[in-house]
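Residues per chain, in single letters:
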Amino acid sequence: LGFLLAGLSSYCKINFLPFTNPTELIFIPQGLIMMFYGTLSLGFSFYIIFTIILDIGGGYNEYNQNENLVKLVRKGFPGKNRNILLTYSLTNIRSIGIKI
């Protein structure tokens, strides 16, 4: 947010940041690049918050030896295919690795 406000301050010549004076920056190229980085970081932060709130990628693994199946259940992005269910036979699996 600071980079975006610094870029806007250099464009408008109004100080939006209380702890520094970015109005002295030349808009092209410094202010423009700061606005670009600020907008990009703001977009990434909204994307990350969105994925955390909707629990995208969350789910569980089910290993059922009675039915000889492994089920992987995950949540995807909202829409028609939000719930993801992958089912594999235990005979097709050679090994299971766990990384922490």
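Description of the structure in this document.

Definitions and limits used
- Residues numbered from 1 in each chain as written.
- Predicted model: local features only at pLDDT ≥ 70, side-chain atom pairs only at ≥ 80, totals over all residues.
- Heavy atoms only, no water.
- Helix = DSSP H or I, 4+ residues; strand = E, 2+ residues; numbered from the N terminus.
- Rg over C-alpha atoms; globule rule 2.2 N^0.38 Å.
- Buried < 20%, exposed > 50% of the residue type's maximum accessible area, 1.4 Å probe, protein only.
- Areas by Shrake-Rupley, 256 points an atom, 1.4 Å probe, with all protein chains shown as cover.
- Lys, Arg positive; Asp, Glu negative; His and termini not counted.
- Charge placed at Lys NZ, Arg CZ, Asp CG, Glu CD.
- Patch = residues over 30% accessible without salt bridge, like charges linked within 9 Å, V, L, I, M, F, W, Y side chains within 5 Å.
- Salt bridge = Lys/Arg side-chain N within 4 Å of Asp/Glu carboxyl O.

**Side note on the overall build of the protein**
Piece 1. Across its full length, the protein carries 2 helices and 3 strands.
Piece 2. Along its sequence from the N terminus, the protein presents helices and strands in the succession α-α-β-β-β.
Piece 3. In terms of overall size, the protein is more extended than a compact globule, its C-alpha atoms giving a radius of gyration of 24 Å where 100 residues would be expected to give roughly 13 Å.
Piece 4. Burial statistics for the protein: of 100 residues in total, 15% are counted as buried.
Piece 5. Surface summary for the protein: the accessible area is close to 8000 Å², and the carbon and sulfur share equals 64%.
Piece 6. The protein carries 8 positive and 4 negative side-chain charges, and their two centres are separated by 7 Å.

**Here's the deal with a nonpolar patch on the surface**
Piece 1. Side chains of Phe3, Ile33, Phe36, Tyr37, Leu40 and Phe44 sit close together on the surface and give an oily, nonpolar patch of about 640 Å² of accessible area.
Piece 2. The leading source of residues in the nonpolar patch is helix 2 (residues 27-53), at 5 residues.
Piece 3. Examined against the element boundaries, Leu40 turns out to sit in helix 2.
Piece 4. Classification of Leu40 by relative accessible area gives partly exposed; the value is 38%.

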